[in-house]
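# Geometric and topological summary
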Amino acid sequence: QKSLESVPPGTAPRADMAPFNESQAAEPPWQKMYFSDSFVMKYEPLASAMRRLNDDKDDKEAKEQYEVHMPIYKNYDWCSSWDGNKYDIVFYGVSGYTGYLMMEYLKRVALKRNPEPFTFAFAGRTPSKVQELAYREFAGTIWEDTPILQMSYDDPYSIIDLCKSAKVIINVAGPYMLTQGELMIDCAVTMGVHYCDISGEVPWSRRITPLHKYAMENGAYIIPSAASAGGFPDLLVFLAAKKAREEYNEELRKAICYCNGGGAVATASGGTLKTRATMAAGGDETRKMMGDPYALGGFVPDRDRHGIKFCNIEFGTGKVTTKVRAEDLDANMSKISEDKHLGIWRGPNVYSYFDTRIVRRSNMLLADMGNCPYGKSLNFLQFAMLPTEMLLAQKGGGGGAGGAAGGAAG
């Protein structure tokens, strides 16, 4: 929004948005919509001043009118029905299974144990569904009257009111790829509101990456994938790197995450299955992007003292591009193997091909923004740790156990 001051009246401001991929143009989606000519025309006092200035740029009265109404427009005061209440956290999309788990955690843990009180509200596209779940969870408690807010991506005014109502927005409404969630994020960024979600979708993370620059300029944090997908492995690598620096004055060269959990009845939720189906239905470009170990950045080329070791040379042009190191390829995580150092067997983990991208991006951001990466040459991989009882059965039982091992790995 800083660029608005220098934009001549009557034009639709276009922010200088640095795209994640330099070959692609990008601009903040909310600002693109909100500051378009068609949307500005909805605020008649400003639209009138802009029309007059287009006809006569020296119209003093129109200039004064413009200077009065543009700040009102930029602050959303002309169209907002915000009630003035600002909550520490607004939980959006909480009418489903994930919303139920979130309310259970709030009730059983966070609201009882948090060292300082915090205010919160629930929000969703259909308030009646959110209200029904909230009443079921909090009836008879001091939180039974928790405010319920409404927001829909096809109603820009409701997006404004939601962002005005929050210091932090936690969005659990997926699959994120199927929503226009970047509108809410960009709107929140213009207000300095922080955003967090629990996504596990490389295309979604890639889609909102260009907003990073604007979040920094406005003092807002955008934190996607802050849960079991992406969040936990990243925290573990962070703690390992912290220990290596503080106790050994070293950075990480290699980090491996092992996942162990579930059981006979453990399975994916309906929302998770829908998300996987959405990603599987993506086109060739989407699948190609998801297969890139550095889809979210953090590329470390394979070099030695003589320079680049491996590269591709494009036939006909001679264009040279560095290749991904062999140790970073997804193929390393796609088979059953033994970690001889720890003496355990491992296999593919469903989140390996997402979590590795998140950790590599964090490593890049820590290097770029604080000169303190996990490791300048970090290699990160993730596996499922195979159950001990299955391995014992395999050692003593021939073909049947081998079939069990293959099924567990799949």
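Residues numbered from 1 in each chain as written. Predicted model: local features only at pLDDT ≥ 70, side-chain atom pairs only at ≥ 80, totals over all residues. Heavy atoms only, no water.

A count of helices and strands for the protein gives 16 helices and 14 strands. Here the protein holds 410 residues, and the buried ones make up 42% of them. Relative to all contacts within the protein whose residues are 6 or more apart in sequence, the contacts with residues 24 or more apart total 72%. Carbon and sulfur atoms make up 54% of the accessible area of the protein, which totals about 22400 Å². (Helix = DSSP H or I, 4+ residues; strand = E, 2+ residues; numbered from the N terminus. Buried < 20%, exposed > 50% of the residue type's maximum accessible area, 1.4 Å probe, protein only. Contact = heavy atoms within 4.5 Å. Areas by Shrake-Rupley, 256 points an atom, 1.4 Å probe, with all protein chains shown as cover.)

Here strand β1 (residues 87-92) lies mainly inside the structure; 5 of its 6 residues are buried. Relative to strand β4 (residues 166-171), β1 runs parallel, the two sharing 5 bridges. Opposite F91, over in β4, you have I170 as the bridge partner. Two elements, β1 and strand β2 (residues 120-124), share 4 bridges in a ladder whose sense is parallel. Pairing of V90 across the sheet is with A121, part of β2. Crossover β1 to β2 through helix α5 (residues 97-113) is right-handed. (Pairing = 2+ DSSP bridges. Right-handed = clockwise from strand over helix to strand, strands pointing away.)

Our next topic: the sheet that holds strand β3 (residues 148-150). Strand order in the open sheet formed by 6 strands is β3-β2-β1-β4-β5-β6, and the pairing between neighbours is parallel. At either end of the open sheet lies a strand with only one pairing partner, and these are β3 and β6 (222-223). Examined bridge by bridge, strand β5 (residues 194-197) and β6 share 2 bridges and lie parallel to one another. Residue Y195 lies in a different strand from β6, and its bridge partner there is I222. In the packing of helix α7 (residues 156-164) onto the sheet, contacts are made with β1, β2, β3 and β4, and the angle to β4 comes to roughly 115°. (Axes fitted to C-alpha atoms, helices over the stretch in contact; angles between N-to-C directions.)

Now for the pattern of salt bridges. Enumeration according to the criterion identifies 18 salt bridges in this entry. Note that K32 is salt-bridged to E27, the shortest N-O span being 3.9 Å. (Salt bridge = Lys/Arg side-chain N within 4 Å of Asp/Glu carboxyl O.)

A word on the environment of M184. By secondary structure assignment, the location of M184 is in helix α8 (residues 181-190). What makes M184 buried here is its relative accessible area of 0%. Between the C-alpha atoms of M184 and Y153, which are 31 residues apart in sequence, the distance is 7.7 Å. Excluding residues within four positions of it along the chain, M184 makes contact with Y92, M151, Y153, I159, L162, C163, I169, N171 and Y195.

Enumeration over the complete set of coordinates arrives at 24 aromatic pairs. Summarising the aromatic geometry, the rings of Y258 and F383 are spaced 6.0 Å apart at their centres and angled 25° between planes, so their arrangement reads as stacked. Of this pair, Y258 sits in strand β7 (residues 254-259) while F383 is found in strand β14 (residues 379-385), placing the two residues 125 residues apart along the sequence. Overall, the relative accessible area of 0% leaves F383 in the buried class. Aromatic side chains Y294 and F299 sit 5.4 Å apart centroid to centroid with 90° between the ring planes, which places their arrangement in the edge-to-face category. By relative accessible area, which is 35% here, F299 ends up partly exposed. Through a chain of ring-to-ring contacts, three or more aromatic side chains come together here, namely W30, Y34, F35, F39, Y43, Y73, Y76, W78 and Y157. In this structure, R360 is placed above the aromatic ring of Y294, and the distance from its NZ or CZ to the ring centre is 5.1 Å. (Phe/Tyr/Trp six-rings, centres within 6.5 Å; stacked < 30°, edge-to-face > 60°. Lys NZ or Arg CZ within 6 Å of the ring centre and 35° of its normal.)

The subject of this paragraph is the nonpolar core. In this structure, Y34, Y73, I159, L162, I169 and M184 are the most contacted members of the largest nonpolar core, which totals 48 residues. With 6 residues, the single largest contributor to this core is α8. Not counting chain neighbours up to four residues away, the residues in contact with Y34 comprise F39, V40, Y73, Y76, W78, C79 and I160. With 18 residues, the next largest nonpolar core counts F91, M102, V130 and C196 among its residues. (Core = buried A, V, L, I, M, F, W, Y, C linked by side-chain atoms within 4.5 Å.)

In this structure, W78 sits in the loop between α4 (60-74) and β1. For the pair W78 and K42, spaced 36 residues apart in sequence, the C-alpha separation works out to 9.8 Å. Beyond its immediate stretch of four places on either side in the chain, W78 contacts Y34, F39, K42, Y43, I72, Y73 and Y157. Side chain to side chain, W78 and Y34 meet in a polar contact 2.7 Å long. (Polar contact = N/O pair within 3.5 Å; in protein donor to acceptor, adjacent residues only side chain to side chain.)

The end-to-end C-alpha distance of α4 is 21 Å, a good match for the 21 Å that 15 residues give at a rise of 1.5 Å each. Against α1 (29-34), α2 (37-40) and α3 (44-55) lie the buried residues of α4. Of the residues flanking the end of α4, it is Y76, one or two places downstream, whose phi is positive at about 70°. (Expected span 1.5 Å × (residues − 1).)

In this structure, β4 lies alongside β5, joined through 4 bridges in parallel fashion. The residue bridging V168 from the neighbouring strand is H194, located in β5. In this fold, the crossover linking β4 to β5 by way of α8 has right-handed handedness.

A word on the packing of helix α11 (residues 231-248) against helix α14 (residues 352-370). Close contact between α11 and α14 brings their axes to 9 Å; oriented N to C, the two are set at 45°. In terms of orientation, α11 and α14 fall into the oblique class. Relative to α14, the crossing made by α11 is right-handed. Across the interface between the two elements, P233, D234 and V237 of α11 pack against D355, I358, V359 and S362 of α14. (Parallel < 35°, antiparallel > 145°, perpendicular 65-115°, else oblique. Left-handed = near helix turned anticlockwise from the far one by under 90°.)

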